[in-house]
Amino acid sequence: MYNIPLYDLNFGSAEEDAVLETLRSRWVSSGPKTAEFEKNFSEMFEVKYALAVANCTVALHLALIVNDLVKDDEIIVPSLTFVATVNAVRYIGAKPVFCDVVSCENPTIDLDEAEKLITSKTKAIIVMHYGGYACDMQKALELQRKYGVKIIEDACHGPLSEYKGSKLGSIGAAGCFSFFANKNISTGEGGMLITNDEKIYQRAKLLRSHGMTTLSYDRAQGHSTNYDVVALGFNYRLDDIRSSIGIVQLKKLRCDIDKRIAIRGLYNDALRNIPGIIIPFLNYSEYSSTYIYPIILGKSLAGKRDALRVFLGEKGIQTSVHYPAVHRFSIYQDAKKGKLDKTEYISDNLITLPMYSSISEETVKFISQTICDFINA
Ligand SMILES: *Cc1c(COP(=O)(O)O)cnc(C)c1O
């Protein structure tokens, strides 16, 4: 076990009380708590519709289906992302086309490169707001206007992050969030699809629950007694036990992020003057969820990443890599790819350091000092 974990849950008695209340209510599947979670989420994210789902992977799957993306369409994706972003493309029989990132300083998808990858078959771009820092959404929307491609936002890293005053996830055709244990909001498993488009919302809602026209909860309330099945749907629902945790987590989110921002400042001060260490988004000025704290080893330290991770591990510090490049995985060997030099460099030289709201100043200093010790040794 590591003394200093990569991530720690921000759970307390309020989450425990919420779960107990839901258990005692005897309605544990999707019902009033899920509806309340959705309502609170849509208000906080300043978006018309929020649909709670089982996880972000299925939110992405639904987002692609309801945006009319189909077999053999080409969909441009980053490779520096979690594999689920790309797997969702394959679920519908569409073809991922991997696109590079801008730079070490800005490891989000390079939308100028993406434009060069657009063909007559390209129907969408999935952007991923790496670390909670926005992609160039102005350029993304320009590509949407110019080529008619849909912009889907994998906003898992960026709850409450902003781009020119708009919340990430609310700018494209649909935005997808995850509530996996290590995300800003944790419900164990869970996800949310947000959109301002009523048609997209209604279709996604239908497909979330088997394509059935009424829900168990409506029938239990006596609102209806029967149902029709009008589309080939799925069971992608979120249950009320998890939603009741989500309601509490949502209330804590802003304060949790503000603490993360302060912690990021401590890391930045300790690491910004170390030669060979690049801190992505160092001069970023908009509000960010500050989901993770990645650093990238520059040319003078290139190739030393794994040794540094072992060194930190021996001192009890857990680290991670966000991410192993998706285009290098076995199942994506035959996929279409642009140039991916920057993605490969970052994937080989990036370390994600511990980041959570309760981490102490001493701990941040210890981690930073340990990195210095490694470099000076
Ligand atoms: C966590 C994550 C996902 C997957 O979310 P799940 O809820 O685990 O399905 C997808 N994309 C990104 C960028 C993520 O960080």
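The text that follows walks through the structure, step by step, so that each part is easy to find. These figures come from a predicted structure and were not determined experimentally.

## Considerations on the nonpolar core
Within the largest apolar cluster, 38 residues are counted, with the highest numbers of intra-cluster contacts made by Leu64, Ile75, Phe98 and Leu193. Of all the secondary-structure elements, those providing two or more residues to this core are β1 (49-53), α3 (56-66), β2 (74-78), α4 (83-91), β4 (122-128), β8 (174-178) and α7 (198-208). Top contributing element to this core by residue count: α3, with nine residues. Per-domain counts for this core show at least three residues from each of domain 1 (13-250) and domain 2 (253-376). If we ignore the near neighbours within four places in the chain, the residues touching Leu193 are Tyr49, Ala50, Leu51, Ala59, Leu62, Ala63, Ala174, Gly175 and Ala204. By size, the runner-up hydrophobic cluster in this structure holds 25 residues, among which are Ile277, Leu353, Ile371 and Phe374.

## Thoughts on the side chain of Thr34
With respect to the element layout, Thr34 can be found in helix α2 (residues 32-44). In this structure the side chain of Thr34 is engaged in a polar contact, spanning 2.6 Å, whose partner is the side chain of Asp240. Of note is the side chain of Thr34, whose polar atom sits 2.8 Å from the side chain of Ser243. Non-local contacts of Thr34, meaning those with residues more than four positions away in its chain, are made with Ala52, Leu238, Asp239, Asp240 and Ser243.

## Comments concerning the packing of α3 against α7
One can describe the packing of α3 onto α7 by two numbers: an axis separation of 10 Å at closest approach and a directional angle of 125 degrees. Taken together, the axes of α3 and α7 are oblique relative to one another. As α3 packs across α7, the resulting crossing turns out to be right-handed. Seen from α3, the contacting residues are Leu62, Ile65 and Val66; seen from α7, they are Ile200, Arg203, Ala204, Leu207 and Arg208. Classifying every residue of the contact of α3 with α7 gives six nonpolar, no polar and two charged.

## Brief notes about the sheet that holds β4
Read from one edge to the other, the open sheet built from eight strands follows the order β1-β9-β8-β5-β4-β2-β3-β12, with strand pairing classed as mixed. Edge positions in the sheet fall to β1 and β12 (336-337), since each of these pairs with one other strand and no more. Across three bridges, strand β5 (residues 150-154) lies against β8 in parallel orientation. Following the sheet pairing, Ile152 is matched in β8 by Ala174. This element, α3, spans β1, β2, β4, β5, β8 and β9 (191-195) of the sheet and lies at about 165 degrees to β8.

## Focus: the site of the ligand
By nearness alone, 15 residues border the ligand, and Cys56, Thr57, Asp154, Ser178 and Lys183 come closest of all. In this structure, an oxygen atom belonging to the ligand sits 3.2 Å away from a side-chain N or O atom of His157. Lys183 is positioned such that a nitrogen or oxygen atom in its side chain is 3.1 Å from an oxygen atom of the ligand. Contact with the protein chains removes 93% of the 380 Å² of surface that the ligand exposes when unbound. Of all the secondary-structure elements, those providing two or more residues to the shell around the ligand are α3 and α4. Classifying every residue of the shell around the ligand by side-chain character gives six nonpolar, seven polar and two charged.

## As for α3
Along α3, 10 of the 11 residues are buried, which leaves the element largely enclosed by surrounding structure. For α3, the side-chain oxygen to backbone nitrogen distance between the N-cap and Thr57 is 3.0 Å, and the N-cap itself is Asn55. Directly beyond the C-terminal end of α3, a positive phi value near 65 degrees is found at Asp68.

## A word on the pattern of salt bridges
Where charged atoms of side chains with opposite charge meet at close range, the side chains can pair. What the rule picks out here adds up to 25 salt bridges. Notably, a salt bridge pairs Arg208 with Glu38, separated by 2.8 Å at the nearest N-O pair. Taken together, the residues Arg208 in helix α7 and Glu38 in helix α2 connect sequence positions 170 residues apart. The two residues Arg208 and Glu38 agree in class, both being buried. One continuous salt-bridge network, built from bridges that share partners, spans Asp112, Glu115, Lys139, Glu142 and Lys146.

Reading the values: the criteria
- Residues numbered from 1 in each chain as written.
- Predicted model: local features only at pLDDT ≥ 70, side-chain atom pairs only at ≥ 80, totals over all residues.
- Heavy atoms only, no water.
- Core = buried A, V, L, I, M, F, W, Y, C linked by side-chain atoms within 4.5 Å.
- Buried < 20%, exposed > 50% of the residue type's maximum accessible area, 1.4 Å probe, protein only.
- Helix = DSSP H or I, 4+ residues; strand = E, 2+ residues; numbered from the N terminus.
- Domains from an automatic or database assignment.
- Contact = heavy atoms within 4.5 Å.
- Polar contact = N/O pair within 3.5 Å; in protein donor to acceptor, adjacent residues only side chain to side chain.
- Axes fitted to C-alpha atoms, helices over the stretch in contact; angles between N-to-C directions.
- Parallel < 35°, antiparallel > 145°, perpendicular 65-115°, else oblique.
- Left-handed = near helix turned anticlockwise from the far one by under 90°.
- Nonpolar A, V, L, I, M, F, W, Y, C, P; charged D, E, K, R; others polar.
- Pairing = 2+ DSSP bridges.
- Near = heavy atom within 4 Å.
- Areas by Shrake-Rupley, 256 points an atom, 1.4 Å probe, with all protein chains shown as cover.
- Salt bridge = Lys/Arg side-chain N within 4 Å of Asp/Glu carboxyl O.

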